[in-house]
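# Architecture at a glance
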Amino acid sequence: MSDFILVAGAWLGAWAWDEVAVELRGAGHDVHALTLSGLAERRDTRPDGQQTHVRDIAEEVERLDLRDVVLVGHSYAGIPVGQAAARIGDRLRRVVFVDANVPVDGESFLSGWPSEHVRRTIDAQGGYWPPLGPEEYAGQGLTDEQIARIVEATPHPGITLTEPAVLDRPLGELPATYVKCLLDGDEPMPAVAALLGSDSWELVTLDTGHWPMFSQPSALARVLHEAAARP
């Protein structure tokens with residue numbers, strides 16, 4: 001069995017993985033859901049930038065002395081998770097990106113898509129990106145209760161969204177699974193599509209929206225369990 005580190009995307013903390021963690025532990029895995037600096041119960045620990053989040057993840061692996069690690073990054077968290085995966089060496093078993101952005105050396109989370117409105121919001125909100133309004137979560141397979149939980153989550157530290165990624169090795173060399181959630185679009189983003197050409201990467205799809213830890217936790221847990229079993 002593997003050691004999982006689960007990292008949720010913007011606004012969310014370790015709490016977002018509660019249902020998935022139960023399923024994975026039931027399958028015999030050790031599970032460590034991680035809250036990044038500046039979010040949820042760590043909201044008072046303001047990060048210096050995106051590299052703080054990379055260190056949060058890599059240092060958790062070291063602190064727990066984990067081996068055979070499956071790093072899981074959802075949405076924004078794919079960027080720090082991808083960088084951390086490249087840094088933990090032979091401790092890594094696999095990295096799983098759940099409908100996630102992937103790090104591109106020298107580019108930030110806000111690079112490569114029409115994000116000027118996010119930058120303006122961060123400036124207007126004192127350096128933070130607040131959760132979107134409830135209407136933005138429609139059509140993603142979520143219940144009203146689940147949407148309410150996300151909307152009430154922590155504003156995200158903007159500096160982690162604007163700092164560029166730094167890759168220590170090509171991401172295509174890492175053993176990776178990309179989970180594409182089809183209600184959030186049929187095709188992976190171009191940076192992901194390019195990586196899926198690597199023999200080390202595989203694509204898995206889920207017929208749900210961008211937050212599968214809420215909308216389909218059992219299905220997501222099965223995907224993660226199967227990813228961990230890949231040679």
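Residues numbered from 1 in each chain as written. Predicted model: local features only at pLDDT ≥ 70, side-chain atom pairs only at ≥ 80, totals over all residues. Heavy atoms only, no water.

### As for helix α3 (residues 78-85)
The line we're drawing: Buried residues are those whose accessible area, probed at 1.4 Å on protein chains only, stays under 20% of the maximum for their type, while exposed residues exceed 50% and partly exposed ones sit between those limits. By definition, any uninterrupted DSSP run of H or I lasting at least four residues is a helix, any uninterrupted run of E lasting at least two residues is a strand, and each is numbered from the N terminus. Whether two residues are in contact is decided by their heavy atoms, any of which lying within 4.5 Å being enough.
Taking burial as the measure, the eight residues of α3 include eight buried ones, the bulk of the element. Of the residues making up α3, those classed as buried are Gly78, Ile79, Pro80, Val81, Gly82, Gln83, Ala84 and Ala85. Contact partners of the buried residues in α3: β1 (3-7), α2 (50-63), β3 (69-74) and β4 (92-98).

### A closer look at the environment of Val192
Topologically, Val192 is positioned in helix α7 (residues 190-195). Between the C-alpha atoms of Val192 and Lys180, which are 12 residues apart in sequence, the distance is 10 Å. In this structure, Val192 is in contact with Ala100, Val102 and Tyr178, ignoring residues within four places of it in sequence.

### Concerning the pattern of salt bridges
Formally: A pair is scored as a salt bridge if a Lys or Arg side-chain nitrogen falls within 4 Å of a carboxyl oxygen belonging to Asp or Glu.
With the rule as written, the count across this model stands at 10 salt bridges. Between Arg93 and Asp68 there is a salt bridge, with its nearest N and O atoms 3.3 Å apart. One end of the pair, Arg93, is in strand β4; the other, Asp68, is in the loop between α2 and β3, with 25 residues separating them in the sequence. Residue classification places Arg93 among the partly exposed positions, given a relative accessible area of 29%. Exposure remark for Asp68: the relative accessible area of 29% places this residue in the partly exposed category. One continuous salt-bridge network, built from bridges that share partners, spans Glu62, Asp65, Arg67 and Arg91.

### Description of the sheet that holds β3
We apply this condition: Two strands pair if DSSP finds at least two bridges between them. Note on geometry: axes are lines fitted to C-alpha atoms, helical ones only across the stretch in contact, with angles between N-to-C directions running from 0 to 180 degrees.
Within the open sheet, the six strands sit side by side as β2-β1-β3-β4-β7-β8. Their pairing is parallel. A strand with exactly one partner marks an edge of an open sheet, and here the two such strands are β2 (30-34) and β8 (201-206). On average, each strand axis in the sheet is inclined to that of its neighbour by 20°, with strand direction left out of account. Bridging between strand β7 (residues 176-181) and β8 involves six bridges; their strand directions are parallel. Bridged to Cys181 within β8 is Leu206.

### Section: the UniProt feature "domain: AB hydrolase-1" (unreviewed entry) in the protein
The test is simple: UniProt positions are given in the numbering used here, feature names are shortened, and annotations may be inferred rather than shown by experiment.
As recorded in UniProt, the feature "domain: AB hydrolase-1" (unreviewed entry) lies at residues 5-222. Along residues 5-222 the backbone is 31% helical and 17% strand, and the end-to-end C-alpha distance reaches 15 Å.

### Concerning the pairing of β1
Burial analysis of β1 places five of its five residues in the buried class, the great majority of the element. The side-chain alternation of β1 yields two buried faces, one formed by Asp3, Ile5 and Val7 and the other by Phe4 and Leu6. With five bridges connecting them, β1 and β2 associate as parallel partners. By the bridge assignment for β2, Leu6 is matched with Ala33.

### Some remarks on the packing of aromatic side chains
So the rule is basically this: Working definition: rings of Phe, Tyr and Trp (its six-membered ring) pair if their centres are within 6.5 Å, and the pair is stacked with planes under 30 degrees apart, edge-to-face with planes over 60 apart, and tilted otherwise.
Considering all chains together, one arrives at seven aromatic pairs under this definition. A ring pair is formed by Phe109 and Trp129, whose centres lie 6.2 Å apart and whose planes are at 50°; its orientation type is tilted. Linking Phe109 in the loop between β4 and α4 (116-124) with Trp129 in strand β5 (residues 128-129), this pair joins segments that are 20 residues apart in sequence. Residue classification places Trp129 among the buried positions, given a relative accessible area of 10%. Between the aromatic rings of Tyr137 and Trp211, the centroid separation amounts to 4.9 Å while the plane-to-plane angle is 55°, which identifies the pairing as tilted. Highlighted residues: Tyr137 in the loop between β5 and α5 (144-151) and Trp211 in the loop between β8 and α8 (212-215), separated in sequence by 74 residues. With respect to class, Tyr137 is no different from Trp211; both count as buried.

### Points about the packing of helix α1 (residues 18-26) against helix α9 (residues 217-228)
For clarity, the threshold we go by: To sort the angles, those under 35 degrees are grouped as roughly parallel, those over 145 as roughly antiparallel, those from 65 to 115 as roughly perpendicular, and the leftovers as oblique. Helix crossings get a hand from a simple test, with the near helix turned counterclockwise from the far one by less than a right angle marking a left-handed crossing and a clockwise turn marking a right-handed one. Gly is put with the polar residues, along with every residue not named as nonpolar or charged; the nonpolar set is Ala, Val, Leu, Ile, Met, Phe, Trp, Tyr, Cys and Pro, and the charged set is Asp, Glu, Lys and Arg.
Between α1 and α9, the least distance of the axes is 9 Å, while the angle of their chain directions is 50°. Accordingly, the angle class assigned to the pair α1 and α9 is oblique. Every pair of crossing elements has a handedness; the one defined by α1 and α9 is right-handed. Contacts between α1 and α9 involve Glu19, Val20, Glu23 and Leu24 on the former and, on the latter, Pro217, Ser218, Leu220, Ala221, Leu224 and His225. Class assignment of the residues belonging to the contact of α1 with α9 gives a composition of six nonpolar, two polar and two charged.

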